Amino acid sequence: MVQEKQGAVTPPPAPDGASGGRLWARAAAAVAGGLLLFLAFPPLGWWLCAPAGITLIVLSLYGTRPRRAAWLGYLAALVFLLPALAWVRPIGVDAWLALVAVESLFYAAMAALAALVFTLPAWPLWFGALWVAMEWARGLFPVGGFPWARVAFSQGESLFTGYAALGGVPLVSFAVTLCGALVAFAVLRPRRVVPLALALALPLLTFAVPRPGDEGRTVNVGIVQGDVPGEGMYALGDEPAIVLRNHANGTHALAKAAREGTLPKPDLVVLPENSTDIDPYRDATARQIIDDSVKDVGVPTLVGAVVAIGEANRATRSLVWDPVTGPGAYYDKQQLVPFGEYTPFKEIFLALFERANLVGRQSVAGDKPGALRMGPVTIGAVNCYEVAFDWVVRQAVRAGGTPLVVQTNNATYALSNLPPQQLAMSQLRAVEHNRAVVTAATTGISAYVTPEGRVAWQTKERVADMNVVQVPVRTRTTIATRVGAAPEWALMILGVAAIGAAAWRRRGANR
């Protein structure tokens, strides 16, 4: 029998031949763990449920062989992701189920590898590193990745949030996962107090993370949420220009409120993604409607438009509209939504699925960071789906963007759990980069998030609304902004090394 040495923990014999009761207990722990993970995410946002969920998932996996661990991991992921990604249902129940089924495979693979590293000393550390590697892989594959529902995105405003300023979103995920794994360690070895003490200390150590302070400079940002006429897949309605008029009317109303003194005078105004449903470059009427509203408010306005690129393609554009010179600098969305803005493997999908044709013109990705000069500041433009991708936001900040501006169109998913989940991402990004984040959404949630990650103002959904918010302009960067993806790569290398060490030990034991 292998003995414990220097803190090493060797799991008990693999229970693949264990009684049905023990297997059902493992399955129940996996289900409960997945459910707790879901409860940690908005709109509920019970953030302490995340490490608790990890604890139960670890306990369900510990001591199993890789094959059984994979099935338990897949089960936990299904229970977690089915409700967490329920916002996909307006596209189709089949699309929702297929997405969850594919994404759950990543958790299954991670669980199988975790079964190996549980034989190593300090295994909670290696388990946390494997979790980060799994989330990294989900953010890349397939078709550009889908980094939604990363554990960090359940920590929009929690004791773990501060880790974002040190190592970005990956470090937050690692800290939460490590905390849960340490609690599991303490459950398995109840006479050892150090793991439990470390688990309790982890969320408190964020107070020691260095974070830049205020610089005494502010800018007034106008936000317009115009709403849309329809719902679901047909949120923009059948009649053209309704969405454009809604947002133009909102801009006029904001201008009037500023003149009357009921709102502060803005230095710039932000409209949502798709705030015009007609290409203003090609349609003179749309151009005039936008120009009139911008002239009325009298300051540079960020317009969200889908514009034609040639005769076959399009771009999702953040367009600076000046009250004197009209349309000028712009940012084209770089991280496109598969099956929403373009069709991957289109020869196959367009032939097999009629809904794939709803994409229409295929979008072309931009190739420049979203740094746009608007009045007294250079904003960091981020377009909707991109807020989930570390590199896009980091690139905008490094290019000089402050504050960050997220233009989004959640109309298809209004009143689902997507808008609050996306707002939590903005909270993480604010702390990660020491930047205020202003979000403008067609149907909500439009919001202002302070650099400390606090939601200072937000709209309700499916209502027209507007406001002028005074936000701090911060230029100092966090450690996370400067080091970029280095912490993530370091953790992934640790995870890969642990797998190699575990495989080597297993091979030696079988000789």
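Computed from a predicted model, the values in this text were never measured in an experiment.

Alternating residues of strand β7 (residues 371-374) divide into Leu372 and Met374, all buried, and Ala371 and Arg373, none buried. Alignment of β7 against strand β8 (residues 377-383), held across 4 bridges, turns out to be antiparallel. Each bridged residue has a counterpart across the sheet, and for Arg373 the counterpart in β8 is Thr378. Turn length for the β7-β8 hairpin, with the two strands adjacent in sequence and antiparallel, is 2 residues, and the turn residue Gly375 shows positive phi of about 60°.

So, on to a nonpolar patch on the surface. A cluster of nonpolar side chains, Leu159, Leu204 and Phe207, forms an exposed patch at the surface whose accessible area comes to about 310 Å². Of note, Leu204 is situated in the loop between α7 (194-201) and β1 (218-225).

A word on the packing of aromatic side chains. Per the counting criterion, the structure on display carries 17 aromatic pairs. Judged by centre distance (5.8 Å) and plane angle (75°), the ring pair of Tyr107 and Trp131 falls under edge-to-face. With Tyr107 in helix α4 (residues 93-117) and Trp131 in helix α5 (residues 123-138), this pair connects stretches of sequence that are 24 residues apart. Three or more aromatic residues joined by ring pairs form one cluster here, namely Phe41, Tyr62, Phe80, Tyr107, Phe118, Trp123, Phe127, Trp131 and Phe185.

Quick look at unusual backbone geometry now. Backbone torsion omega between Thr402 and Pro403 reads 0°, so that peptide bond is classified as cis. With an omega of 5°, the peptide bond running from Gly444 to Ile445 counts as cis. One non-glycine residue, Phe339, lies in the positive phi region at around 70°. Looking at the secondary structure, you find Phe339 in the loop between β5 (326-332) and α10 (346-352). The phi torsion at Arg462 lies on the positive side, around 60°, for a residue other than glycine. With respect to the element layout, Arg462 can be found in the loop between β12 (455-458) and β13 (465-472). Accessibility expressed as a relative area gives 23% for Arg462, which makes it partly exposed.

Glancing now at the pattern of salt bridges. One pass over the full model with this rule turns up 14 salt bridges. For Arg474, the salt bridge identified is with Asp214, shortest N-O distance 3.6 Å. Highlighted residues: Arg474 in the loop between β13 and α13 (479-483) and Asp214 in the loop between α7 and β1, separated in sequence by 260 residues. Between Arg259 and Asp296 there is a salt bridge, with its nearest N and O atoms 2.7 Å apart. Here the residue Arg259 occupies a position in helix α8 (residues 242-260), and Asp296 occupies one in helix α9 (residues 284-297), the gap between them amounting to 37 residues.

Moving on, we come to the sheet that holds strand β9 (residues 404-408). Spatially, β7-β8-β9-β10-β11-β12 is the arrangement adopted by the 6 strands of the open sheet, whose pairing is mixed. Edge strands, defined here as strands with exactly one partner in the open sheet, are β7 and β12. If you compare each strand with its neighbour and ignore which way they point, the axes differ by 25° on average. Pairing of strand β10 (residues 437-441) with strand β11 (residues 447-449), which is carried by 3 bridges, proceeds in the antiparallel orientation. Bridge pairing in β11 links Val437 to Val449.

So, how was this worked out
- Residues numbered from 1 in each chain as written.
- Predicted model: local features only at pLDDT ≥ 70, side-chain atom pairs only at ≥ 80, totals over all residues.
- Heavy atoms only, no water.
- Buried < 20%, exposed > 50% of the residue type's maximum accessible area, 1.4 Å probe, protein only.
- Helix = DSSP H or I, 4+ residues; strand = E, 2+ residues; numbered from the N terminus.
- Pairing = 2+ DSSP bridges.
- Patch = residues over 30% accessible without salt bridge, like charges linked within 9 Å, V, L, I, M, F, W, Y side chains within 5 Å.
- Areas by Shrake-Rupley, 256 points an atom, 1.4 Å probe, with all protein chains shown as cover.
- Salt bridge = Lys/Arg side-chain N within 4 Å of Asp/Glu carboxyl O.
- Phe/Tyr/Trp six-rings, centres within 6.5 Å; stacked < 30°, edge-to-face > 60°.
- Axes fitted to C-alpha atoms, helices over the stretch in contact; angles between N-to-C directions.

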